[in-house]
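Per-entry structural report
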Amino acid sequence: MIEILTPPEVDRARRTGGLVGAILQDLRARTSVGTNLLELDEWTRSMINDAGAESCYVDYAPSFGRGRFGHHVCTAVNDAVLHGLPHDRSLADGDLLTLDLAILLDGMAADAAISFVVGNSDQPESLAMINTTERALAAGIAAAGPGARIGDLAHAIGSVLSADGYPINLEFGGHGIGTTMHQDPHVPNTGRPGRGYQLRPGVLLALEPWIMADTDELITDDDGWTLRSATGCRTAHTEHTIAITPDGAEILTLP
Ligand code: MG
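This is a predicted model, so every value here is computed, not measured.

**Some details on the packing of helix H3 (residues 124-142) against helix H4 (residues 150-163)**
Axis separation between H3 and H4 bottoms out at 8 Å; the angle between their running directions is 155 degrees. Taken as axis vectors, H3 and H4 run roughly antiparallel relative to one another. Read as a crossing pair, H3 and H4 show a hand that is right-handed. For the pair H3 and H4, the contacting residues are Thr132, Arg135, Ala136, Ala139 and Gly140 in the first and Leu153, Ala156, Ile157, Val160 and Leu161 in the second. When grouped by side-chain class, the residues that make up the contact of H3 with H4 number seven nonpolar, two polar and one charged.

**Here's the deal with the sheet that holds strand S14 (residues 249-251)**
Read from one edge of the open sheet, five strands run S7-S6-S8-S13-S14, paired in antiparallel fashion. The open sheet has two edge strands with one neighbour each: strand S7 (183-187) and S14. Averaged over all adjacent pairs, the angle separating strand axes in this sheet is 25 degrees, with direction ignored. Both strand S8 (residues 204-207) and strand S13 (residues 240-244) contribute to a ladder of four bridges, which runs antiparallel. Counterpart to Leu205 in the pairing with S13 is Ile242.

**Description of empty space enclosed by the protein**
Any empty space left between the atoms is revealed when a probe the size of a water molecule rolls over them. By the definition in use, this model includes one cavity of 30 Å³ or more. Of the volumes computed, that of the largest cavity is approximately 30 Å³. Lining of the largest cavity is provided by Ile2, Glu3, Gly176, Ile177, Gln183, Asp184, Pro185, Val203 and Leu204. Ranked by residues supplied to the lining of the largest cavity, first place goes to S7 with three residues.

Criteria and cut-off values
- Residues numbered from 1 in each chain as written.
- Predicted model: local features only at pLDDT ≥ 70, side-chain atom pairs only at ≥ 80, totals over all residues.
- Heavy atoms only, no water.
- Axes fitted to C-alpha atoms, helices over the stretch in contact; angles between N-to-C directions.
- Helix = DSSP H or I, 4+ residues; strand = E, 2+ residues; numbered from the N terminus.
- Parallel < 35°, antiparallel > 145°, perpendicular 65-115°, else oblique.
- Left-handed = near helix turned anticlockwise from the far one by under 90°.
- Contact = heavy atoms within 4.5 Å.
- Nonpolar A, V, L, I, M, F, W, Y, C, P; charged D, E, K, R; others polar.
- Pairing = 2+ DSSP bridges.
- 1 Å grid on protein atoms, 1.4 Å probe; cavity = no way out; pocket = protein on both sides within 12 Å on 5 of 7 lines; lining within 4 Å.
- Points joined across faces, edges and corners; volume = space filled by probe spheres on them.

This is the structure:
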């Protein structure tokens, strides 16, 4: 089922999105060489609590994970890309970190992710990958609006990823979102224009282009959650929740 939210519900989702964006911005500002992934998790827990919100992750127990996630933010370092379970690990200069955060506030969920390089070391290949996912996300958002089809967004995202030479994994992509974190429709990171569900105002989508430098194959870490590149190469991931509006699309997860 695809939820169509009323304008007051979209307004509530806008507040959730603003909180997700603000927490990610704050986490990024606090992250430096030596920051431990468990500290990031604890900061996130505290900010979610202070806002009177709830984590979508703590009790999340989907078929692709092992038991409940049990933490408040996904922390994926270097070759890790999705569902990164926080561990007792301190970040080093030049690490590529992805933070993925979904929370529920006043009955509405929002979901976003950022990738960035920790510290000051020069990491041109990592920065190029991050830039590619950001441009792919912008292209997907630009293609979104009433009347557009999921295939149009998928094609826009995939065209940027492919043009930059990255293989595309089709197992995990974007998704509908609303009163819960993961809903239909699935939004693959490449596709054919003119195909799929036709968007209308009130639909919320989380678009999330992610790439691995030289493979489309994932392996699951021993922790049962973290997905890594099969070759050990670096990865990047950028995500926003957007609302389809009468005029186009609005990003909800800006700070
Ligand atoms: Mg998501």
